[in-house]
Amino acid sequence: MTAVITRPNTEEKLDILSTDAQYDLACACSRKDPDEHRHRGADGKWIYPITLPNGGKSVIFKTLMSNVCNNDCKYCPLREDRDVRRCSLGVDETARVFLDYYRRTEVFGLFLSSGMCGCADATMEQLTASLRYCGEDTGSGDIFI
Ligand code: SF4
């Protein structure tokens, strides 16, 4: 059985979604320098170090836009039949959350991914709509999906 939270606020959703984003192990291991590992920011959200094309370093904010997924990838803790708390950030909500961090200069980019809510095209539409919103405000911020 899947638990569905009907009306969590943005902060509650972000807690769930940024925690679930940890299953993507980018920056979690295999590098020797601890400064190159992901770590938790002051509020517990995951902050990811990245190396820029010019060799410089930066940090990005990472979250899922949604952990609702109708796929059944056997390796994935978020696959459809798993009993996890499910929720989604809206397009504007996702952008607002990221831009709050960005304006406080805690992060300089965004790593956004999502479960498959409906079809792949609809999911990608949601992601790109939010990224467009973010891009308009950040200009040269680093964005990964
Ligand atoms: S598509 Fe869904 S089940 Fe597959 S890896 Fe992504 S979140 Fe997990």
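What counts and what doesn't
- Residues numbered from 1 in each chain as written.
- Predicted model: local features only at pLDDT ≥ 70, side-chain atom pairs only at ≥ 80, totals over all residues.
- Helix = DSSP H or I, 4+ residues; strand = E, 2+ residues; numbered from the N terminus.
- Buried ≥ 20, exposed ≤ 12 C-beta atoms within 10 Å, placed from the backbone.
- Near = placed C-beta within 6 Å.
- Nonpolar A, V, L, I, M, F, W, Y, C, P; charged D, E, K, R; others polar.
- Expected span 1.5 Å × (residues − 1).
- Arc of directions from axis to C-beta.
- Pairing = 2+ DSSP bridges.
- Right-handed = clockwise from strand over helix to strand, strands pointing away.
- Core = buried A, V, L, I, M, F, W, Y, C linked by C-beta atoms within 7 Å.

Chemist: Describe the overall build of the protein, listing the residues and the values that go with them.
Modeler: When its secondary structure is counted, the protein shows 3 helices and 5 strands. Looking at the protein as a whole, 30% of its 145 residues are labelled buried.

Chemist: Residues and numbers for the site of the ligand, please.
Modeler: In the vicinity of the ligand, the contacting residues are Cys-69, Asn-71, Cys-73, Cys-76, Leu-78, Arg-79, Gly-115 and Met-116. For the shell around the ligand, the per-class residue count stands at 5 nonpolar, 2 polar and 1 charged.

Chemist: Just give me the short version of helix 2 (residues 91-103), but keep the residues and values in it.
Modeler: Over its 13 residues, helix 2 runs 18 Å from end to end, which matches the ideal 18 Å to within 8%, given 1.5 Å per residue. All buried positions along helix 2 are accounted for by Thr-94, Ala-95, Val-97, Phe-98, Tyr-101 and Tyr-102. Angular distribution of buried residues about the axis of helix 2 spans 160°; they occupy a single face of the element. Among the exposed residues of helix 2, those pointing more than 90 degrees away from its buried face are Asp-92 and Arg-103. Where helix 2 terminates, the next one or two residues include Thr-105, which has phi positive at roughly 55°.

Chemist: Tell me about the pairing of strand 3 (residues 57-64), and please be specific about residues and values.
Modeler: For strand 3 and strand 4 (residues 109-113), the ladder comprises 4 bridges, and the chain directions are parallel. Considered in strand 4, the bridge of Leu-64 is made with Ser-113. As for the winding sense of the linkage, the β-α-β connection from strand 3 through helix 2 to strand 4 is right-handed.

Chemist: Give a description of the nonpolar core that names residues and reports values.
Modeler: Of all hydrophobic cores here, the largest spans 22 residues; its most connected members are Leu-17, Ile-60, Phe-61, Phe-98 and Leu-110. For this core, the secondary-structure elements that each account for two or more residues are helix 1 (10-20), strand 3, helix 2, strand 4 and helix 3 (120-138). When residues in this core are grouped by element, the largest group, 5 residues, is from helix 2.

Chemist: How would you explain unusual backbone geometry if you had to name every residue and give the values?
Modeler: Where the residue is not glycine, phi is negative for most of them; where a peptide bond is considered, it is trans in most cases. Its identity is not glycine, yet Thr-105 carries a phi of approximately 55°, on the positive side. Along the chain, Thr-105 turns up in the loop between helix 2 and strand 4. Take Thr-105: there are 8 C-beta atoms within 10 Å of it, and that puts it in the exposed class.

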